[in-house]
Amino acid sequence: MLSEEDLALINVLQVAPRISWADAAEVLGVHATTLAARWDRLRSAGAAWTTAHLIGDPKQMCLALVDVDCEMRLRAEVTAELAAIPDVVTVEEAASNRDLMLTVISPTLEQFTDHVLPRFKEIPGLLKYRTSLGTRLHSAGHTWRLNALDNAQQNALRAVVGHETAGSAGPRAGSPLPQSHLDLIPFLARDGRASAADIARSLGRSPATVQRQLNRVVSSGLLTFRCDIAQNLSGYPVSCQWFANVPPGQHETAAAELRGLRTVRLNASTSGRTNFVILMWLKSLADVMTAELALQQRIPDIELVESAVILSRAKRMGWMLNPDSTATGAVVVADTGVPSLALG
């Protein structure tokens, strides 16, 4: 169980993953050293973690939702093989007519077609896969919030870090970062709060040099930072994904309506048998029906074709997970030349 103080700290880091402990102390009214110690405990337990993801060009990147069928006796081995592929950012088992559900992010459709799909075909026990492609990402997990802060704390956080932005505007124009700067990204993927001193020790560089490089990487707009929480400890232990159809021309309106539902973690338009996908974190299985009613009320023309309750998740946005949803500490880091977007 996480305390209210734990949840409040995680909420602050969801909004500002690299906020200083001194600034966080101003928001929460707790000493900075206490907050640092609390975060070390949460991170060591795998209850929460920060990470960074490269942001791809939205016009080029490929988001694929892949259903996988596999031999029952080899499911664990197939899951492990799939989770080891960097582009396969999320691996889930669902109560549905497929064995596994994958979220795959590649920098281009060609990368997905020429380099990712052939690896699927080489996995023993993987019998069949079906793919739908994301045509537009409307919302994603890095914008989901616990809402554990009271009004005074929210106002204090805004004063410290400014108004929260919904998502990222993408990489800023400018000269490409040299490899010496890109070398920092795997460290930030494993710890979104990694300091220049921590990275310098690992790379054998001077802290001053790494600090300059880190400042440029963080300000480049090339990365999006996020704080994640073990789902079973979030108060929303149930995941449900809906595959739906929305009439052409109404996707943006539907997505705008969904922004009013705080349980929505992911919403995207897709190709395939259905054209709209919604992922929510819920408090209980009973809330699935409540959520479906809310969807019908907000989007009257939506057709809910299928729902899939997630039974387990082996990997979320590159991080390997324990059966209880806590992080193992292992992270599958993509090559720095393979950018991705942060999802659910």
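Keep in mind that what you see is a predicted model, and the values were worked out from it rather than measured.

Engineer: What exactly am I supposed to notice about the overall build of the chain here?
Structural biologist: If you tally the helices and strands in the chain, you get 12 helices and 12 strands. A compact globule built from 344 residues should have a C-alpha radius of gyration of about 20 Å, and the chain, at 20 Å, falls within 12% of that. Each of the three principal axes of the chain carries a C-alpha extent, and together these read 50 × 45 × 40 Å. Each of the 344 residues in the chain was classed as buried or not, and the buried ones make up 52%. For the chain, the proportion of contacts with a sequence separation of at least 24, taken over those separated by at least 6, is 76%. Carbon and sulfur atoms make up 53% of the accessible area of the chain, which totals about 15500 Å². Considering the chain, the positive charge centre built from 32 side chains and the negative charge centre built from 34 side chains are found 4 Å apart.

Engineer: Explanation requested: the environment of Ala197 in the structure shown.
Structural biologist: Relative to the helices and strands, Ala197 resides in helix α9 (residues 196–203). Relative accessible area serves as the criterion here: at 33%, Ala197 is assigned to the partly exposed category. For the pair Ala197 and Pro207, spaced 10 residues apart in the sequence, the C-alpha separation amounts to 5.2 Å.

Engineer: Can you help me understand the packing of aromatic side chains in this one?
Structural biologist: This structure, assessed with the given rule, holds four aromatic pairs. An aromatic cluster is present here, built from Trp144, Tyr236 and Trp281 joined pairwise through their rings. In this structure, Lys283 packs its charged tip against the face of Tyr236, placed 4.4 Å from the ring centre.

Engineer: How should I be thinking about the packing of helix α1 (residues 4–15) against helix α3 (residues 32–44) in this particular structure?
Structural biologist: α3 packs onto α1 with a crossing angle of 90° between their chain directions and a minimal axis gap of 11 Å. Taken together, the axes of α1 and α3 lie roughly perpendicular to each other. Residues Glu5, Asp6, Leu9, Ile10 and Leu13 of α1 lie in contact with α3, whose contacting residues are Leu35, Arg38, Trp39, Arg41 and Leu42.

Engineer: What's the story with the confidence of the model for the chain in this structure? I'm lost.
Structural biologist: Any residue range with low pLDDT should be treated as having predicted coordinates unsuitable for detailed reading. For the chain, the average pLDDT comes to 92, and 92% of its residues sit at 70 or higher. Segment residues 163–169 is flagged for pLDDT under 50; beyond a separation of four residues in sequence, or across chains, it makes seven contacts in the model. Low pLDDT, under 50, characterises residues 337–342; the stretch is placed with 27 contacts to residues that sit more than four places away or in other chains.

Engineer: Looking at this model, I keep getting lost on the pairing of strand β4 (residues 100–106). Mind explaining?
Structural biologist: The side chains of a regular strand alternate between the sheet's two faces. Burial of β4 is extensive: seven of the seven residues sit out of reach of the surface. Residues of β4 alternate between two faces, with Leu100, Leu102, Val104 and Ser106 on one and Met101, Thr103 and Ile105 on the opposite face, all of them buried. Alignment of strand β2 (residues 62–70) against β4, held across seven bridges, turns out to be antiparallel. Along β4, the bridge assignment pairs Leu65 with Thr103. As paired strands, strand β3 (residues 88–95) and β4 are joined by five bridges and run antiparallel to one another. Its bridge partner being in β4, Thr90 is matched across the sheet by Thr103. From the end of β3 to the start of β4, which pair antiparallel, there are four residues.

Engineer: Explain the pattern of salt bridges to me, please; I cannot follow it from the model alone.
Structural biologist: Any two side chains of opposite charge can pair, given that their charged atoms come close. Within this structure, the stated rule accounts for 18 salt bridges. A salt bridge links Glu71 to Arg73; the nearest nitrogen and oxygen atoms lie 3.3 Å apart. Under the relative-accessibility criterion, Arg73 is labelled exposed at 67%. In this structure, a network of salt bridges that share partners links the residues Asp67, Arg98, Arg273 and Glu306.

Engineer: It is not clear to me how helix α4 (residues 75–83) should be interpreted in this structure. Could you clarify?
Structural biologist: Because an α-helix packs 3.6 residues into every turn, residues spaced three or four apart end up facing the same way. Looking only at α4, the buried set comprises Arg75, Val78, Thr79, Leu82 and Ala83. Looking straight down α4, one finds its buried side chains confined to an arc of 130°; they lie on one side.

Engineer: Help me out: how do you make sense of the nonpolar core in this one?
Structural biologist: Burial of nonpolar side chains together is a common tendency in soluble globular proteins. Within the largest apolar cluster, 28 residues are counted, with the highest numbers of intra-cluster contacts made by Leu9, Ile10, Val12, Trp21, Leu28, Trp39 and Ile229. Every element with two or more residues in this core is listed here: α1, α2 (21–28), α3 and β6 (223–229). For this core, the element with the highest residue contribution is α1, accounting for six residues. If near-sequence neighbours (up to four positions away) are discounted, Ile229 is found in contact with Leu2, Leu7, Ile10, Ala47, Ala48, Trp49, Trp144, Leu146, Ser234, Trp281 and Arg316. Membership of the second largest hydrophobic core comes to 21 residues, among which are Cys70, Leu74, Leu82 and Val91.

Engineer: How should I be thinking about unusual backbone geometry in this particular structure?
Structural biologist: Backbone geometry follows two general trends: most residues other than glycine have a negative phi, and most peptide bonds adopt the trans configuration. A positive phi angle, close to 55°, is found at Asn147, a residue other than glycine. Position of Asn147 relative to the elements: it lies in the loop between β5 (126–139) and α6 (151–161). Positive phi, close to 80°, is recorded for Ser325, a residue that is not glycine. Along the chain, the position of Ser325 falls in the loop between β11 (319–321) and β12 (327–331). Take Ser325: its relative accessible area is 10%, and that puts it in the buried class.

About the cut-offs
Residues numbered from 1 in each chain as written. Predicted model: local features only at pLDDT ≥ 70, side-chain atom pairs only at ≥ 80, totals over all residues. Heavy atoms only, no water. Helix = DSSP H or I, 4+ residues; strand = E, 2+ residues; numbered from the N terminus. Rg over C-alpha atoms; globule rule 2.2 N^0.38 Å. Buried < 20%, exposed > 50% of the residue type's maximum accessible area, 1.4 Å probe, protein only. Contact = heavy atoms within 4.5 Å. Areas by Shrake-Rupley, 256 points an atom, 1.4 Å probe, with all protein chains shown as cover. Lys, Arg positive; Asp, Glu negative; His and termini not counted. Charge placed at Lys NZ, Arg CZ, Asp CG, Glu CD. Phe/Tyr/Trp six-rings, centres within 6.5 Å; stacked < 30°, edge-to-face > 60°. Lys NZ or Arg CZ within 6 Å of the ring centre and 35° of its normal. Axes fitted to C-alpha atoms, helices over the stretch in contact; angles between N-to-C directions. Parallel < 35°, antiparallel > 145°, perpendicular 65-115°, else oblique. pLDDT = per-residue confidence, 0-100. Pairing = 2+ DSSP bridges. Salt bridge = Lys/Arg side-chain N within 4 Å of Asp/Glu carboxyl O. Arc of directions from axis to C-beta. Core = buried A, V, L, I, M, F, W, Y, C linked by side-chain atoms within 4.5 Å.

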